[in-house]
Each structure stands twice: as structure tokens, then as C-alpha cells.
Amino acid sequence: MALNPPETLTSLNFNFSSSGGDHSMTTESVRGAKDLAQDGNNLGTIIGSESGRITSSNGKIQQAMQNFVVTKETISKDGTSTKVSREYANRTALLLKSNCFLVRGSQGHPRDGEGEITVPYFSECTNTPVDVNQRFPRRGPSYKNGIVRIGNIYNEESSVDSDGVKTSLVYQNQILQENLCYNLTTPTPGGGVSSYYINNPDYANYDLRFGYTLNEAIQGFGLCGIKLDIPNSNQNVLFEESGTLDAIVSNIASKFGYYWFIDPFSNVIKFINSIAASTIAITNPLTQSQEIQKSYVDASFTTDKMSPVFVNAFSGNIEKQKQTFEFDQGERLTRFRKVPVEKVIDKLKITENLLKLYYTMWLAGAYNKDNFDVLGIVATRLSESITWREEEWNGSAAVKSSRAGDISTLLKSSRMIDALNKDGIMDLRKAKFISLANKSSIVKIERPSQGEAFSKIELAFELLHNKIYVSNFYRQYSARRTNWTGSEMSISGPFLKTTKISQIEALADLHAALDQGKDEVTLEEIMEFAGSTGGGDYGFVGILNGSNRASRGLGLEDLNFGLFNNGEYRYVNAVNEHLGYTEDLNNKIKSIIDSSPKIFNDQDKKVSGPNTARAYFTRSKRPTDEVADDASREDEEERAEKQAQLDEAAQKLAELAERYDIRYYNVKNNGSTGSIYNPIRLDIKSGKIADIKALENSQLSAIQSLRNPTSQSSRTIVGISLPTTFQPTISGISLKLGGSGVTTTIDESTVKLLRPDEQLIIDKNLNAFLATRNQTNFRAAQKNFLRL
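Each chain has its residues counted from 1, running along the sequence as written. Local features in a predicted model are, by the rule used here, given only for residues with pLDDT of at least 70; side-chain atom pairs are given and counted only at 80 or more, and totals for whole chains, interfaces and linings are based on all residues. Only hydrogens and water are removed before side-chain values are computed, so all heavy atoms of the structure are retained for them.

Trainee: So what about the overall build of the protein chain? Which residues, and what values?
Mentor: Each helix is a run of H or I in the DSSP string that is no shorter than four residues. Each strand is a run of E no shorter than two, and both are numbered from the N terminus. Helix and strand content of the protein chain: 23 helices and 36 strands. Within the protein chain, the fraction of its 788 residues that count as buried is 49%. The long-range share in the protein chain, meaning contacts at least 24 apart out of those at least 6 apart in sequence, stands at 74%. For the protein chain, the exposed surface amounts to about 38300 Å²; the carbon and sulfur share of it is 48%. Summary of the burial criterion: residues with accessible area below 20% of their type's maximum are buried, those above 50% are exposed, and those between are partly exposed, where the area comes from a 1.4 Å probe applied to protein chains only. By the convention used here, residues are in contact when the closest approach between their heavy atoms is within 4.5 Å. The Shrake-Rupley method, run with a 1.4 Å probe sphere, supplies the accessible areas, and residue values consider only the shown protein chains as cover.

This is the structure we're talking about:
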């Protein structure tokens with residue numbers, strides 16, 4: 001470390017800020033000075049280094065300046081001497097500006113890392129179902145590169161009990177933080193928060209909160225090499241601010257009603273309230289003994305009769321901040337599970353080629369008995385691939401072997417043909433005919449719609465396209481407060497899991513398909529069949545219509561069944577019944593036989609859809625004094641009976657009575673009387689009731705009403721007279737080497753103990769700073785002269 005040549009010290013000025021850490025010092029020295037000493041009454045020499053450290057030959061001066069470092073140096077030279085002027089700053093004050101707090105979860109990564117991370121809103125609640133990798137246990141402060149990562153993630157909920165008394169619960173690491181809660185117990189019987197609710201909180205209503213306690217703040221400052229000496233203060237305050245350490249210490253002081261200063265001789269940050277500060281007496285040099293006054297070059301004492309009074313206005317509420325979710329208005333997302341109806345359809349035992357044949361007809365909305373019969377009869381005659389089981393249509397084999405041809409095969413007489421042709425709009429002379437009677441007799445053949453196939457095929461399509469979804473199992477208190485706000489499904493419920501599916505309208509098709517002859521299936525069996533999980537007795541049913549989705553992308557011709565009308569086919573009775581149909585309809589049915597199975601196979605993947613479906617919901621708050629399910633159900637039924645007995649007016653009043661909020665207000669005048677000598681400074685604190693009461697019960701109520709008039713004194717003493725301990729009333733010390741030797745000037749003041757206009761401002765990024773910045777563009781000597 002390179003040292004400069006010794007310099008003779010000619011002046012030394014300290015300026016102490018008692019409302020923060022802006023201590024400063026200036027020195028002036030002369031290089032190569034001669035004959036400046038007066039009989040040994042001098043300031044000695046100093047030696048500077050390139051690193052900014054200054055060493056004094058005078059032990060007292062060295063002790064006083066050891067906690068200051070050089071920030072600026074000016075060298076000036078005239079014809080007779082070379083002078084060096086230096087400006088210094090307190091080392092701790094510089095540490096406060098060069099280190100910062102970053103609150104975990106708010107501005108910093110919850111695990112002190114980087115990048116994206118999932119932060120559930122209820123990871124810290126007791127018995128939380130969140131995976132252990134998504135929880136955030138308590139962590140102490142950590143330090144790296146000037147950044148202190150501090151604080152923890154908390155889960156907070158504000159709710160009400162059955163009597164409408166509002167409560168606030170805060171959890172961290174699955175432990176209830178009782179000192180941060182509000183109204184855990186209430187005077188009313190059964191009110192407050194039940195142990196059941198504490199152990200089983202309503203996760204849907206929880207929000208995130210981030211912050212650190214006072215003890216954690218003290219640890220964080222310690223990691224930066226800074227010691228806080230703060231009186232025992234309430235730990236029920238959660239600090240949420242990030243920022244440089246000077247802003248953080250100002251915020252702590254403001255919340256507890258202190259002002260703070262750095263002891264320049266020990267580099268410890270100390271806190272003191274205004275009442276304690278106002279009792280500190282400053283030295284009145286005019287009342288000291290004559291023996292002491294003999295050493296004074298000059299002295300003065302000033303008293304200010306103006307004494308500001310701080311009026312404290314407290315206000316608070318217990319409502320949490322507005323929730324910020326990825327969905328509007330606090331909506332949440334869940335998923336329903338699809339019931340695998342394909343296995344249920346297998347129970348219907350439908351011939352696969354029939355499902356494929358009638359698929360496009362059902363998509364087109366043309367599925368009815370008349371169309372079903374025409375397509376079935378003609379297709380059975382046209383294609384060997386169209387087969388029917390006996391129970392599906394017992395006339396399929398007879399139709400395949402029955403007589404068919406043009407009208408000449410039915411009627412030989414032109415006169416009879418003309419008579420029949422007058423009865424309809426279809427020209428029978430150009431039609432094709434299929435006999436609907438057995439060859440061996442005139443027994444009429446049953447039409448396809450008279451068998452089981454018609455209803456079973458329709459039921460199969462309904463199940464395939466109107467997907468059935470079920471929720472997970474819900475507990476009663478959650479199910480009854482779940483409001484479905486938007487979904488592509490039609491959701492009904494809640495239903496008790498023991499409910500038979502015949503009693504659930506949405507499951508009517510499923511019930512018909514199962515066609516049980518034994519014990520009826522319950523909702524619980526269906527939910528378990530779909531893979532629903534959870535520990536509750538209730539469930540919801542969702543129906544998703546998929547026919548529209550399946551028909552997308554198909555051509556108009558694929559879904560055109562306009563030829564299925566009485567202008568294209570008719571039943572003719574001549575000897576026995578025949579089905580007559582046009583060549584156009586015949587060609588259309590050939591096309592259907594070919595295209596419908598292909599469309600069925602292509603659409604099967606599209607129609608099947610995902611195994612889960614989205615559903616959005618909100619939760620209404622449930623009473624925090626609620627106990628286990630059975631007792632809660634009985635209480636609810638009793639309340640419902642009482643409510644039913646109220647008349648319409650009373651019900652409206654009961655509803656209005658629930659629309660209220662709990663707020664807290666208190667004003668402390670601290671002795672304000674309206675006297676012209678006591679100007680009022682209004683100090684307003686607002687926030688959550690738990691925080692506000694903690695601040696009020698701390699030393700904040702003493703913020704300020706200076707009972708004693710402020711005063712100032714100044715005395716200049718011959719020789720070096722440095723105090724051995726620092727008092728916050730000392731505002732400046734100046735040592736000067738002049739013609740009569742060394743003199744020491746000591747300034748004391750209670751004016752600066754509290755700056756009446758000092759305000760702490762926290763911006764939208766939670767960075768805190770003081771509204772009135774300390775003046776830093778003056779040297780210590782100038783500040784002392786201007787009484788800054």
C-alpha cells in the first residue's frame with residue numbers, strides 16, 4: 001500500500017446527522033509545512049494512502065476518524081504552500097447504500113435461484129395437498145454480491161365465522177403464525193376459528209403474502225457487517241419492502257415510531273423514540289462553572305419555543321389484497337374426468353357395420369324411424385357387408401331374398417299402374433321396388449325400426465358424442481360453495497355419491513345403456529370407474545356435446561339427406577307391400593354405404609377427445625368456526641329451517657346484514673391542544689388490523705410530541721476537546737489550527753432529532769426512500785456553518 005508524505009493537519013470538521021446516517025468529515029492539511037505548531041498545541045500530522053485510508057499522529061483524532069473513508073480529495077498550490085482538502089463519509093453509511101434487501105417471492109426467487117417457478121397460493125397451509133417440491137419452508141437471510149435475499153412466502157386468508165365476525169389466518173411452513181393472525185378467538189360462544197378449520201383450511205380462499213420479521217432483518221444487516229441496536233419491538237409486523245439498506249432501516253424506524261442514527265465512533269445503528277430523545281439535555285455553556293468557561297473562546301445557547309405535536313391516526317382492515325389469478329375475478333381451473341363409455345357401449349352389443357352405416361345420418365340430424373327403415377332395407381339389398389342380428393331386425397334375411405325389380409315385376413296391367421301412379425308425386429314407372437313380404441307367403445316383413453337396433457344405435461351415438469365427465473370427490477363444505485362460472489360442459493350437482501344414476505338426469509342415457517336388472521349403479525361407482533380421486537362424499541357431473549365438433553370439416557354432400565322424402569320413395573300396396581324408390585335415392589344410398597363407414601373411422605379419433613375437460617369455478621367463503629361434516633350438516637339444516645320461517649322482508653334484511661366490513665380506527669393526539677406553539681404534524685398509518693395494532697402497541701404512540709422546547713448550543717474551546725462517547729444531540733465538531741493554536745468548536749442541537757417534514761415513501765415496486773434527502777453537496781464545515 002503506497003503512502004503519501006506526511007501532511008500537517010490544519011483543520012478537521014465533523015458533521016453528524018442525527019436523523020439518519022449522513023455523517024461527513026472534511027480535513028485540510030499542508031504539505032511540507034513549517035512553524036505551524038505553537039508550543040506543542042497542534043493537530044499533528046496525517047498520512048494518506050492510495051486506498052483512501054488516513055492515519056493521524058494524534059491518538060484522539062485517529063480514534064475519532066477511524067470509521068471514515070476518503071471520498072474526494074482536492075490539492076491546491078500557491079506560491080508558498082501546497083494544501084490538501086479531503087471529504088470523508090462514514091463507512092457504515094456507505095455500506096447501507098451499497099447493499100440491498102430482496103424479498104423472496106416478491107422481487108426475488110423463493111429458493112434464491114433464477115427462472116420460472118410454480119408458486120401455489122396454499123403451499124404453506126397446514127395439511128396442504130401441494131407436492132413437497134412446491135412448498136417453501138422457512139429460510140433465513142442469505143448474502144451474495146451485496147444482495148441479501150430475505151423473507152419467506154406466507155399464505156393468508158380473511159374470512160368470517162357463522163356470526164359474521166371476520167378473521168384472518170396466516171400460515172408458513174404449515175404452521176399457523178398466531179402473532180400475524182386476527183380474531184383467532186372471539187367473545188361469542190363457538191365463534192372465532194375452530195381447531196377443525198385451522199387444521200383443514202379452505203385452500204381456495206388463500207392468497208400469497210411475502211415478507212420478513214424484525215429478527216430476520218437484524219440477521220440480514222449482520223450479513224452485511226452492520227449491527228442494529230433496536231429496543232425490544234413487536235415481532236407481529238411483517239416487513240414487505242425491498243430496497244437499499246438505508247431505505248430499509250428508515251422503513252423499520254418509521255413503522256416502530258423511531259428515528260435512527262449511526263454512532264460514528266462505534267459504527268452501530270441505534271434507534272431512539274422522540275420522547276426519549278427529547279429528554280436528552282444539551283450542554284448550556286453559559287451555565288457551566290467559571291473554571292470551565294475560562295477555556296471558551298466564545299459560546300452561545302438558543303431556545304426555540306415552537307414544539308411540534310404529532311397526531312397519530314390509525315386505520316386498518318383485515319381483507320386480503322385483491323387476488324391475482326390467471327382467470328378473471330378469482331376464477332380457478334379444475335378438470336373433470338371422462339367416463340370411458342366405450343366399455344358401456346360394448347354392453348349394447350350393436351353390430352359394428354350398422355353403427356358405421358347410420359353414422360352420417362345421425363350427424364346430419366336426419367335420424368328418425370322412416371329414414372332408418374328406408375336406408376336399412378335398401379342397403380341390406382345392395383351390400384352383402386350390411387348384416388343384422390335377429391334381435392336387431394328379424395326381417396333382414398327375408399329382405400335379402402325377397403323379390404325386387406321395376407314396377408313390371410309387381411303389376412302387369414297398365415291400367416293398374418296408371419291408377420297407382422295418380423296417388424303420389426313420384427313416378428312409379430321409373431322406380432325400383434323391393435317386396436316386403438316373404439316369398440313363400442304374403443306375411444308382411446317387419447321393418448328395421450321395429451327391432452332393437454334403432455334405439456340402441458341412437459343411444460350409442462348419444463354416449464359417444466355427448467361425453468360424460470365427472471369431478472373428483474368433494475367434501476360437503478367445499479361442494480356446496482363451488483360455483484361453476486364457465487365451461488364447455490353442462491355441469492350439474494353436487495350429488496351425494498350414493499345417489500343412483502337413474503335419479504341424475506344428466507346420466508339418463510348411461511342408465512338406459514346399462515339397463516341393469518339387478519342392483520342399480522351409483523354415482524360413486526361411475527366416478528371410481530372414471531378414476532376420480534379425493535376424500536369426500538359429493539361429486540359433479542358434466543356433459544360435453546361433441547356432435548358439432550365431429551361434423552366440422554365434412555362436406556355438404558356427406559350430410560345431405562334431402563332425398564329421404566316421399567317424393568323419392570313410397571310404400572306401395574299391390575298384392576302385398578313393396579318399397580318403391582327412385583334411381584337418385586338408390587345412388588345416394590350406395591354413396592352412404594361407402595362413405596359413412598370411412599367418416600366414422602376418421603371421426604372416431606376426433607370425437608373421442610381428451611380424457612379430461614376444463615371447468616372454471618369460484619368459491620364462496622365458508623364459516624371459519626365450521627366443524628366436522630356431520631355436525632356442520634346438522635347446523636346448516638337447522639339454520640335453513642330458521643331461515644325458511646322468515647318472511648320476505650326479514651330475508652332481505654338478513655341479506656343486507658351480511659354486507660359489511662370490519663375496519664379499525666384510532667386517533668392519538670399526543671397532547672395537541674391547538675396552541676400556536678404546537679403546530680400539528682398528522683402521521684397516518686393504515687394497513688391490516690394485525691399490523692396496525694402491533695404498531696400502535698409498540699413505541700409508535702410516542703412518535704413525536706416533543707414536550708420540551710428545542711434548543712441549540714455552540715462553544716469554542718482552546719485545545720483539542722473531543723467527546724469520548726457520541727450523543728445524538730451533537731451535530732458538529734470542528735478542530736482548527738490558527739494563530740493562537742488549536743481550537744475545538746462543538747455544536748449541539750435537539751432541532752435535528754426529528755425532522756417534522758420527514759416522510760417515508762414506498763413506491764409501487766416496494767422500494768422505500770425518504771422524502772427529504774440529506775444535503776450531500778456541502779462539506780462538513782459548510783454544513784456546520786449553515787447548521788445543517
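Structure shown, so let's carry the discussion forward.
Trainee: Could you give me a rundown of the side chain of N13, with the residues and numbers involved?
Mentor: Relative to the elements of secondary structure, N13 occurs in strand 1 (residues 7-15). Taking the relative accessible area as the measure of exposure, N13 reaches 11% and is therefore buried. Whenever a nitrogen or oxygen atom comes within 3.5 Å of another N or O atom, the pair is scored as a polar contact, on the condition that within protein one atom can donate a hydrogen and the other can accept it, and that pairs from neighbouring residues in sequence are kept only if both atoms are in side chains. One polar contact links N13 to S734, side chain to side chain, over a distance of 2.5 Å.

Trainee: I'd like a description of the environment of I717, backed by residues and values.
Mentor: Within the fold, I717 resides in strand 32 (residues 710-718). Separated by 27 residues in the primary sequence, I717 and T744 have C-alpha atoms spaced 5.0 Å apart. In this structure, I717 is in contact with S295, Y296, V742, T743, T744 and I746, ignoring residues within four places of it in sequence.

Trainee: Go over the environment of E392 with me, naming the residues and quoting the values.
Mentor: Mapped onto the fold, E392 is located in the loop between helix 11 (369-382) and helix 12 (396-401). The exposure class of E392 is buried, given its relative accessible area of 4%. Separated by 56 residues in sequence, E392 and P448 place their C-alpha atoms 7.7 Å apart. What E392 contacts, discounting residues up to four positions off in sequence, is K349, I350, T351, L354, P448, G451, E452 and A453.

Trainee: Describe the sheet that holds strand 14 (residues 227-229), with residues and values.
Mentor: Reading across from one edge, 14-17-16 is the order of the three strands in this open sheet, with mixed pairing throughout. Edge positions in the open sheet fall to strand 14 and strand 16 (258-262), since each of these has one partner strand only. Neighbour-to-neighbour, the strand axes of the sheet open up by a mean angle of 25 degrees, direction not taken into account. A pair of strands counts as paired when DSSP detects no fewer than two bridges linking them. With five bridges joining them, strand 16 and strand 17 (residues 268-273) adopt antiparallel strand pairing. Axis definition: a line fit to C-alpha positions, over the contact stretch in the case of helices; interaxial angles, taken between N-to-C directions, run 0 to 180 degrees.

Trainee: Give me the lowdown on the packing of aromatic side chains, citing residues and values where you can.
Mentor: Classification of ring pairs rests on two measures: the distance between centres of Phe, Tyr or Trp rings, Trp counted by its six-membered ring, which must be within 6.5 Å, and the angle between planes, read as stacked under 30 degrees, edge-to-face over 60 and tilted in between. A complete count under the given rule lists 23 aromatic pairs for this structure. Aromatic pair Y171 and Y206: ring centres 5.9 Å apart, planes at 65 degrees, arrangement edge-to-face. Separated by 35 residues along the polypeptide, Y171 in strand 11 (residues 166-172) and Y206 in the loop between helix 3 (195-199) and strand 13 (207-211) bring together distant segments of the chain. When its relative accessible area of 1% is taken as the criterion, Y171 is described as buried. Pairing Y474 with F540 gives two aromatic rings, centres 5.4 Å apart and planes at 85 degrees, and the pair type is edge-to-face.

Trainee: Break down the pattern of salt bridges for me, with residues and values.
Mentor: Salt bridge, as used here, is a side-chain nitrogen of Lys or Arg placed within 4 Å of a carboxyl oxygen of Asp or Glu. Summed over all chains, the structure comprises 22 salt bridges. Of the charged contacts, one joins D263 and K270 as a salt bridge, the two residues approaching to 3.3 Å between their closest N and O atoms. When its relative accessible area of 27% is taken as the criterion, K270 is described as partly exposed. For R389, the salt bridge goes to E391, with nearest N and O atoms at 3.1 Å. Overall, R389 belongs to the partly exposed group, its relative accessible area being 31%. Salt bridges sharing common partners tie together E7, R31, E73 and R86.

Trainee: Give a description of unusual backbone geometry that names residues and reports values.
Mentor: Of note, the amide linkage connecting G493 to P494 takes the cis form, showing an omega dihedral of 10 degrees. Looking at the element boundaries, P494 is found in strand 25 (residues 490-496). The residue D112 is not glycine, and still its phi comes out positive at about 65 degrees. You can see D112 is positioned in the loop between strand 7 (100-103) and strand 8 (142-144). The exposure class assigned to D112 is partly exposed, which follows from its relative accessible area of 22%. Backbone geometry places Q174, a non-glycine residue, at a positive phi of 65 degrees. Here Q174 lies in the loop between strand 11 and strand 12 (175-176).

Trainee: Describe the nonpolar core, listing the residues and the values that go with them.
Mentor: Counting residues in each nonpolar core, the largest one holds 66 residues, and the members touching the most others are Y358 and I457. In terms of residue count, helix 14 (residues 453-465) provides more of this core than any other element does, eight residues in total. With residues up to four places along the chain from it excluded, the contact list for I457 reads I350, L354, L355, Y358, Y367 and F372. We call a set of buried residues a nonpolar core when its members are Ala, Val, Leu, Ile, Met, Phe, Trp, Tyr or Cys and they connect through side-chain atoms within 4.5 Å of each other. Core analysis: the second largest hydrophobic core is formed by 31 residues, V103, V148, I226 and I248 among them.

Trainee: Tell me about helix 11, residues and numbers included.
Mentor: Owing to its 3.6 residues per turn, the α-helix aligns residues three or four sequence positions apart on the same side. Along its 14 residues, helix 11 runs 20 Å from first to last C-alpha, staying within 8% of the 20 Å computed at 1.5 Å per residue. With 10 of 14 residues buried, helix 11 is to be regarded as a mostly interior element. Considered for burial, the residues of helix 11 that qualify are N371, F372, D373, V374, L375, G376, I377, V378, A379 and T380. Where helix 11 begins, the capping side chain belongs to N368, and its oxygen is found 3.3 Å from the backbone nitrogen of D370. By this rule, a helix spans an expected 1.5 Å times one less than how many residues it contains.

Trainee: With reference to specific residues and values, describe the sheet that holds strand 8.
Mentor: Strand order across the open sheet formed by four strands is 8-9-7-15, with mixed pairing between neighbours. Since the sheet does not close on itself, it has two edges, and those belong to strand 8 and strand 15 (243-244), each with one partner. Here two bridges tie strand 7 to strand 15, and the two strands are oriented antiparallel to one another. When the bridges of strand 15 are listed, C100 appears paired with T244.

Trainee: Describe the environment of I457, with residues and values.
Mentor: Tracing the backbone shows I457 in helix 14. Exposure remark for I457: the relative accessible area of 0% places this residue in the buried category.

Trainee: Break down the pairing of strand 28 (residues 576-581) for me, with residues and values.
Mentor: Taken residue by residue, a regular strand's side chains alternate between the two faces of the sheet. Strand 28 sits mainly inside the fold: six of its six residues count as buried. Here four bridges tie strand 22 (residues 432-435) to strand 28, and the two strands are oriented antiparallel to one another. Each residue of the ladder has a partner; that of S435, found in strand 28, is H578.

Trainee: Outline the packing of helix 4 (residues 214-223) against helix 5 (residues 245-256), listing residues and values.
Mentor: Running from N to C, helix 4 and helix 5 cross one another at 150 degrees; their axes reach a closest spacing of 12 Å. Relative to helix 5, the element helix 4 is oriented roughly antiparallel. Between helix 4 and helix 5 lies a crossing of left-handed hand. Facing L214, A217 and F221 of helix 4, the residues of helix 5 in contact are L245, I248, V249, I252 and F256. Classes in brief: Ala, Val, Leu, Ile, Met, Phe, Trp, Tyr, Cys and Pro nonpolar; Asp, Glu, Lys and Arg charged; the others, Gly included, polar. Per-class residue counts for the contact of helix 4 with helix 5 are eight nonpolar, no polar and no charged. Relative orientations are named as follows: roughly parallel for angles under 35 degrees, roughly antiparallel for angles over 145 degrees, roughly perpendicular for angles from 65 to 115 degrees, and oblique for any other angle. Crossings are assigned a handedness: left-handed for a near helix turned anticlockwise from the far helix by less than a right angle, right-handed for a clockwise turn.

Trainee: Can you tell me about a nonpolar patch on the surface, naming the residues and giving the values?
Mentor: On the surface, I680, L682 and I684 cluster together to form a nonpolar patch covering roughly 310 Å² of accessible area. The residue I680 is located in strand 31 (residues 680-688) in this model. For I680, a relative accessible area of 46% puts it in the partly exposed group. Within the patch definition used here, like charges are joined within 9 Å and nonpolar side chains (Val, Leu, Ile, Met, Phe, Trp, Tyr) within 5 Å, considering only residues with over 30% relative accessible area and no salt bridge.

Trainee: I'd love a proper account of helix 17 (residues 523-530), names of residues and values included.
Mentor: Where helix 17 is concerned, the buried positions are L523, I526, M527 and A530. The arc that holds the buried residues of helix 17, viewed along the axis, is 100 degrees, so those residues lie on one side. Think of it as the arc spanned by the lines of direction from the helix axis to the C-beta atoms.

Trainee: I'd love a proper account of the confidence of the model for the protein chain, names of residues and values included.
Mentor: Confidence of the predictor in every single residue is expressed as pLDDT, which spans 0 to 100. For the protein chain, per-residue confidence averages 76 on the pLDDT scale, and residues scoring 70 or more make up 73% of the total. Considering each helix and strand of the protein chain separately, the mean pLDDT is smallest for strand 35 (residues 760-762), with a value of 37, and largest for strand 9 (residues 147-150), with 93. Contacts of residues 319-329 to residues separated by more than four positions or lying in other chains number 29 contacts, the stretch itself having pLDDT below 50. A low-confidence stretch, residues 754-777 stays under pLDDT 50, and its non-local contacts, those more than four residues away or across chains, total 57 contacts.

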